[in-house]
Amino acid sequence: MSKRGSNIYRCKDGRYEGRIPIGYRENGRIRYKSVYAKTLTEVKEKMAQFYSIRNEQNVPDYKITFSQIAEQWLVSAKLRVKPSSYANYKNLVNKHLVTTFGCIRMSDLSSAKMNDFILNKMQTGKLREKGGLSAKSVRDIMTVFRSISMYAEREYGIRSVHFTMPKTEQKKMEVLNADERRRLEQYLISVPNLTHASILLCMFTGLRVGELCGLQWRDINIKSCTISVNRTIQRVNHNGHSEVVIGTPKSRSSVRTIPMPQFMAEYLEKYKSEDEVYLVTGKRKPTEPRTMQNRFHAILKEAGVREVNFHMLRHTYATVCVEHVFDAKTLSELLGHADASIALNRYVHSSMKLKHDYVSRLQLST
């Protein structure tokens with residue numbers, strides 16, 4: 001390869017290569033981007049075009065800070081994710097990443113710095129109290145950082161930063177036992193109202209609390225005993241302020257039509273209202289998940305059932321389905337999971353009763 005000046009080289013195959021500096025490596029050496037053309041004139045034009053674009057930027061690529069890259073990444077993320085996801089990303093960036101790396105050049109971040117950051121977050125990462133964040137919370141932060149780092153590499157040629165993700169341990173799946181389910185069901189039926197009917201519906205459909213809050217009567221077909229999940233209610237935080245947002249469910253697979261037991265359809269029929277009315281409130285205005293969670297805690301206390309999170313109703317529904325030998329594919333579609341493996345990993349092996357039932361079939365050879 002012969003040199004032609006201005007970082008232009010003649011390749012063995014006859015083409016011309018132009019090398020453009022785009023940043024620095026960890027060892028301080030310059031990092032280059034190459035462009036190719038059949039003639040010297042063409043390669044110079046390509047290089048000039050690249051430099052022209054670069055000159056329009058406020059800061060050279062190798063001096064751009066993490067804060068600047070993160071801001072650009074958030075703008076692009078806002079175009080492709082839901083408002084709730086964007087708000088979550090923004091909180092993670094501003095509260096954890098920018099406060100530590102904001103003024104540092106993106107090209108100066110290293111694996112060692114990131115691993116130290118992860119360790120620090122797990123030891124003293126809580127913002128409002130002493131102590132460290134869970135491995136799950138740190139993984140969420142680092143997943144966002146990884147996306148930002150990949151953006152920097154894709155847009156500016158700044159090498160992505162590698163680090164070690166903290167290991168999470170899968171928690172034992174907590175569910176309501178048979179006695180707790182019985183007591184809760186009896187209480188809900190004994191004091192009939194919309195809130196109690198809604199909770200009972202969750203016990204027999206596995207709806208997420210946001211999906212329940214977003215359920216309108218237009219989505220409930222009493223005759224066919226089906227429910228169409230088309231929207232969800234969430235409270236989204238924006239720079240210290242929050243608002244209730246009506247949006248689409250968690251994922252494409254969460255938009256689904258699911259059956260409910262015949263008795264559940266008959267029980268709901270007496271509350272039937274106009275299409276635009278929300279099931280939980282009986283009005284054209286929905287309630288939010290936090291309010292539903294508070295009501296649920298009060299109901300558990302009245303019913304004599306231990307205090308649990310509303311989401312446990314979903315886990316309980318899935319476990320009961322497993323006990324009744326639902327296959328993983330059917331269960332995943334009922335729950336709105338994107339992959340049947342989620343149901344397999346979370347629920348299929350969680351029931352000791354089912355294991356005993358299977359093992360009891362083993363007999364001595366005759």
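Everything quoted here is computed from the prediction, not taken from an experiment.

**Some points on the sheet that holds strand S9 (residues 256–259)**
Think of a sheet as strands paired side by side through backbone hydrogen bonds, with each pair either parallel or antiparallel.
Part 1 of the argument: Pairing in this open sheet of three strands is antiparallel, and the strands run S5-S6-S9 from one edge to the other. Each edge of the open sheet is held by one strand with a lone partner, namely strand S5 (220–221) and S9.
Part 2 of the argument: Relative to strand S6 (residues 226–229), S5 is paired through two bridges, and the arrangement is antiparallel. By the bridge assignment for S6, Ile 220 is matched with Ile 227.

**Quick look at the pattern of salt bridges**
Part 1 of the argument: In the structure shown here, the tally under the stated rule is 18 salt bridges.
Part 2 of the argument: A salt bridge links Glu 17 to Arg 19; the shortest N-O distance between them is 3.4 Å.
Part 3 of the argument: Glu 17 sits in the buried class, given a relative accessible area of 5%.
Part 4 of the argument: Here Arg 290 makes a salt bridge to Glu 288, at a shortest N to O gap of 3.8 Å.
Part 5 of the argument: Judged by its relative accessible area of 11%, Glu 288 falls in the buried class.
Part 6 of the argument: The network of salt bridges with common partners includes Arg 218, Glu 274, Glu 276 and Arg 284.

**Focus on the environment of Met 142**
Part 1 of the argument: By the secondary structure assignment, Met 142 is in helix H5 (residues 135–156).
Part 2 of the argument: Once the C-alpha coordinates of Met 142 and Phe 310 are considered, the two residues, 168 residues apart in sequence, prove to be 28 Å apart.
Part 3 of the argument: With residues up to four places along the chain from it excluded, the contact list for Met 142 reads Met 114, Phe 117, Ile 118, Phe 163 and Met 165.

**Points about the packing of helix H6 (residues 178–190) against helix H10 (residues 289–303)**
Part 1 of the argument: Their axes nearest at 9 Å, the elements H6 and H10 cross at an angle of 105°. It follows that H6 is roughly perpendicular to H10 by the angle criterion. Contacts from Arg 183, Leu 184, Tyr 187 and Leu 188 of H6 reach H10 at Phe 296, Ile 299, Leu 300, Glu 302 and Ala 303.
Part 2 of the argument: When grouped by side-chain class, the residues that make up the contact of H6 with H10 number seven nonpolar, no polar and two charged.

**Structural notes on the packing of helix H3 (residues 83–101) against helix H4 (residues 111–124)**
Part 1 of the argument: As a packed pair, H3 and H4 sit with axes 12 Å apart at the nearest point and diverge in direction by 135°. Put simply, H3 runs oblique to H4. As for the relative orientation of H3 and H4, their crossing is right-handed in sense. Across the interface between the two elements, His 96, Leu 97, Thr 100 and Phe 101 of H3 pack against Met 114, Phe 117 and Lys 121 of H4.
Part 2 of the argument: Per-class residue counts for the contact of H3 with H4 are four nonpolar, two polar and one charged.

**Remarks on a nonpolar patch on the surface**
Part 1 of the argument: On the surface, Val 325, Tyr 358, Val 359 and Leu 362 cluster together into a nonpolar patch covering about 420 Å² of accessible area.
Part 2 of the argument: Here Val 325 shows up in the loop between helix H11 (312–323) and helix H12 (328–335).

**Side note on H3**
Part 1 of the argument: With 19 residues, H3 should reach 27 Å at 1.5 Å per residue; the first-to-last C-alpha distance of 25 Å fits that figure.
Part 2 of the argument: Among all positions of H3, only Ser 84, Tyr 86, Ala 87, Leu 92, Val 93, His 96, Leu 97 and Phe 101 are buried.

**A word on the nonpolar core**
Part 1 of the argument: Judged by nonpolar contacts, the single largest core of 50 residues is most densely connected at Leu 184, Leu 201, Leu 212, Met 260, Leu 268 and Leu 313.
Part 2 of the argument: Setting aside residues no more than four positions away along its own chain, Leu 184 makes contact with Leu 176, Met 203, Phe 296, Ile 299, Leu 300, Ala 303, Val 305 and Leu 313.
Part 3 of the argument: Membership of the second largest hydrophobic core comes to 31 residues, among which are Phe 66, Ile 118, Tyr 151 and Val 161.

**Concerning the packing of aromatic side chains**
When we look at a pair of aromatic rings, we describe it by the centre distance and by the angle of the planes.
Part 1 of the argument: Tallying each qualifying case throughout the model produces nine aromatic pairs.
Part 2 of the argument: With a centroid separation of 5.5 Å and an interplanar angle of 50°, the aromatic rings of Trp 73 and Tyr 89 are classed as tilted. Of this pair, Trp 73 sits in helix H2 (residues 66–78) while Tyr 89 sits in helix H3, placing them 16 residues apart in sequence.
Part 3 of the argument: Positioned over the ring face of Tyr 9 is Arg 19, at 4.8 Å from the centre of the ring.

**Focus: the environment of Ser 251**
Part 1 of the argument: Residue placement: Ser 251 occurs in the loop between strand S8 (241–247) and S9.
Part 2 of the argument: We classify Ser 251 as partly exposed; its relative accessible area is 28%.
Part 3 of the argument: With 19 residues separating them in the primary sequence, Ser 251 and Lys 270 have C-alpha atoms 32 Å apart.
Part 4 of the argument: Once residues lying within four places of it in the same chain are set aside, the contact partners of Ser 251 are Lys 82 and Gly 336.

**Some points on helix H7 (residues 194–203)**
Part 1 of the argument: A large share of H7 lies buried, amounting to nine of its 10 residues.
Part 2 of the argument: In the core, the buried residues of H7 are packed alongside H6, helix H8 (209–213), S6, helix H9 (262–269), H10 and H11.
Part 3 of the argument: Among the residues of H7, the N-terminal cap falls to Asn 193, whose side-chain oxygen and the backbone nitrogen of Thr 195 are separated by 3.1 Å.

**Comments concerning the side chain of Thr 65**
Part 1 of the argument: With respect to the element layout, Thr 65 can be found in the loop between helix H1 (40–55) and H2.
Part 2 of the argument: Here Thr 65 falls in the buried class, since its relative accessible area comes to 17%.

**A closer look at the side chain of Arg 231**
Part 1 of the argument: Relative to the helices and strands, Arg 231 resides in the loop between S6 and strand S7 (232–238).
Part 2 of the argument: A distance of 2.9 Å separates the side chain of Arg 231 from the backbone oxygen of Gly 214, its partner in a polar contact.
Part 3 of the argument: Within the structure, the side chain of Arg 231 is placed 2.5 Å from the side chain of Asp 219, a separation counted as a polar contact.
Part 4 of the argument: Setting aside chain neighbours within four positions, we find Arg 231 in contact with Gly 210, Glu 211, Gly 214, Leu 215, Gln 216, Arg 218, Asp 219, Ile 246, Gly 247, Thr 248, Pro 249 and Tyr 278.

Conventions adopted
Residues numbered from 1 in each chain as written. Predicted model: local features only at pLDDT ≥ 70, side-chain atom pairs only at ≥ 80, totals over all residues. Heavy atoms only, no water. Pairing = 2+ DSSP bridges. Helix = DSSP H or I, 4+ residues; strand = E, 2+ residues; numbered from the N terminus. Salt bridge = Lys/Arg side-chain N within 4 Å of Asp/Glu carboxyl O. Buried < 20%, exposed > 50% of the residue type's maximum accessible area, 1.4 Å probe, protein only. Contact = heavy atoms within 4.5 Å. Axes fitted to C-alpha atoms, helices over the stretch in contact; angles between N-to-C directions. Parallel < 35°, antiparallel > 145°, perpendicular 65-115°, else oblique. Nonpolar A, V, L, I, M, F, W, Y, C, P; charged D, E, K, R; others polar. Left-handed = near helix turned anticlockwise from the far one by under 90°. Patch = residues over 30% accessible without salt bridge, like charges linked within 9 Å, V, L, I, M, F, W, Y side chains within 5 Å. Areas by Shrake-Rupley, 256 points an atom, 1.4 Å probe, with all protein chains shown as cover. Expected span 1.5 Å × (residues − 1). Core = buried A, V, L, I, M, F, W, Y, C linked by side-chain atoms within 4.5 Å. Phe/Tyr/Trp six-rings, centres within 6.5 Å; stacked < 30°, edge-to-face > 60°. Lys NZ or Arg CZ within 6 Å of the ring centre and 35° of its normal. Polar contact = N/O pair within 3.5 Å; in protein donor to acceptor, adjacent residues only side chain to side chain.

Structural measurements only, silent on function.
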